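# Structural overview for review
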Amino acid sequence: MSRLDFYQPEELVLIVKRSAQILGVEITREGALEIAGRSRGTPRVANRLLKRVRDYAQVRADGLINLEVAMAALSFLEVDPLGLDHSDRTLLKTIIQKFGGGPVGLDTLAAATSEESETVEDVYEPYLIQLGMLIRTPRGRVVTPRAFQHLGLKDQREGGLF
């Protein structure tokens, strides 16, 4: 059986630098590493972020993507240092605020976030599970203490555990 793993940041740096060269944009190693580190271990995401950072650099900087420009652009795009975006944070906050941290069923969670069940399961969950912020249980999805911590929220559950 084949198994696909997420790419490591150093592997993604090479991809980002090569894509930047193809796009004709100048990028420093530090800028590429910042984009790679927030790309969820996925080349497709790294390339998407590179294009958005390039746009930001062309409009708000001198076109060069260095560490400062990459950090400012990714902050502007609401992509945090772990690679979580607005949708990821909305999913986690919905489980916390509407369902007490879980468990909550997939279909209920999808309805509460206005997402398709397949999108939640295939796009958001794998990375959140890998980060240790979400677990699947027989009763439904549950956020972990790490998710509360990352979002800056207090875990109100008994003992702070699920």
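Described in the following lines is the structure provided in the data block.

## Points about the packing of aromatic side chains
Scanning the model with the defined rule gives two aromatic pairs in all. Their ring planes at 75° and their centres at 6.3 Å tell us that Phe-6 and Tyr-127 sit as a pair that is edge-to-face. On the criterion of sequence distance, the pair formed by Phe-6 in the segment before α1 (9-23) and Tyr-127 in helix α7 (residues 117-130) is long-range, its members being 121 residues apart. A relative accessible area of 34% places Phe-6 in the partly exposed class. Of the residues examined, Tyr-127 reaches a relative accessible area of 8% and is grouped as buried. Each ring, one from Tyr-56 and one from Phe-76, has its centre 5.8 Å from the other, and the planes form 45°; the classification is tilted. With a gap of 20 residues between them, Tyr-56 in helix α3 (residues 43-60) and Phe-76 in helix α4 (residues 67-76) connect regions that are remote in the sequence.

## Things to note about helix α6 (residues 106-113)
What α6 keeps buried is the set Leu-106, Leu-109, Ala-110 and Thr-113. Burial along α6 is one-sided: seen end-on, the buried residues are contained in an arc of 100°. Exposed and oriented more than 90 degrees from the buried face of α6 are Asp-107 and Ala-111. Two residues or fewer after α6 comes Ser-114, characterised by a positive phi angle close to 60°.

## Section: the side chain of Ser-19
Secondary-structure assignment places Ser-19 in helix α1. Classification of Ser-19 by relative accessible area gives buried; the value is 14%. In terms of polar contacts, Ser-19 uses its side chain to reach the side chain of Asn-47, at 2.6 Å. Look past the residues within four positions of Ser-19 in its chain and what remains in contact with it is Asn-47 and Leu-50.

## Section: the pairing of strand β1 (residues 134-137)
Relative to strand β2 (residues 140-143), β1 is paired through four bridges, and the arrangement is antiparallel. Of the residues in β2, the one forming a bridge with Leu-134 is Val-143. Counted along the chain from β1 to the antiparallel partner β2, the turn is two residues long.

## A look at the nonpolar core
Counting 22 residues, the largest nonpolar core has Val-16, Ile-27, Ile-35, Leu-50, Val-53 and Ile-65 as its most contacted members. When contributions to this core are tallied by element, the ones reaching two or more residues are α1, α2 (29-37), α3 and α4. Among the elements that take part in this core, α3 stands out by supplying seven residues, more than any other. Counting 20 residues, the second-largest nonpolar core is a separate cluster that includes Leu-84, Ile-96, Tyr-124 and Val-143.

## Remarks on the packing of α2 against α4
Between α2 and α4, the shortest axis-to-axis distance is 7 Å and the interhelical angle comes to 25°. Between α2 and α4, the angle falls in the class roughly parallel. Residue-level contacts link Glu-30, Gly-31, Glu-34 and Ile-35 of α2 to Leu-67, Ala-70, Met-71 and Leu-74 of α4. A class-by-class count of the residues in the contact of α2 with α4 yields five nonpolar, one polar and two charged.

## What about a negative patch on the surface?
Taken together, the side chains of Asp-107, Glu-116, Glu-118 and Asp-122 make up a negatively charged region of the molecular surface. On the secondary structure map, Asp-122 appears in helix α7.

## Some remarks on the packing of helix α5 (residues 86-99) against α6
The N-to-C vectors of α5 and α6 enclose an angle of 105°; their axes lie 10 Å apart at closest approach. Here α5 lies roughly perpendicular to α6, going by the angle between them. The segment α5 lies against α6, with Leu-91, Thr-94, Ile-95, Lys-98 and Phe-99 engaging Thr-108, Leu-109, Ala-112 and Thr-113. Split by residue class, the contact of α5 with α6 holds five nonpolar, three polar and one charged.

Rules used in this analysis
Residues numbered from 1 in each chain as written. Predicted model: local features only at pLDDT ≥ 70, side-chain atom pairs only at ≥ 80, totals over all residues. Heavy atoms only, no water. Phe/Tyr/Trp six-rings, centres within 6.5 Å; stacked < 30°, edge-to-face > 60°. Helix = DSSP H or I, 4+ residues; strand = E, 2+ residues; numbered from the N terminus. Buried < 20%, exposed > 50% of the residue type's maximum accessible area, 1.4 Å probe, protein only. Arc of directions from axis to C-beta. Polar contact = N/O pair within 3.5 Å; in protein donor to acceptor, adjacent residues only side chain to side chain. Contact = heavy atoms within 4.5 Å. Pairing = 2+ DSSP bridges. Core = buried A, V, L, I, M, F, W, Y, C linked by side-chain atoms within 4.5 Å. Axes fitted to C-alpha atoms, helices over the stretch in contact; angles between N-to-C directions. Parallel < 35°, antiparallel > 145°, perpendicular 65-115°, else oblique. Nonpolar A, V, L, I, M, F, W, Y, C, P; charged D, E, K, R; others polar. Patch = residues over 30% accessible without salt bridge, like charges linked within 9 Å, V, L, I, M, F, W, Y side chains within 5 Å. Areas by Shrake-Rupley, 256 points an atom, 1.4 Å probe, with all protein chains shown as cover. Salt bridge = Lys/Arg side-chain N within 4 Å of Asp/Glu carboxyl O. Lys, Arg positive; Asp, Glu negative; His and termini not counted. Charge placed at Lys NZ, Arg CZ, Asp CG, Glu CD.

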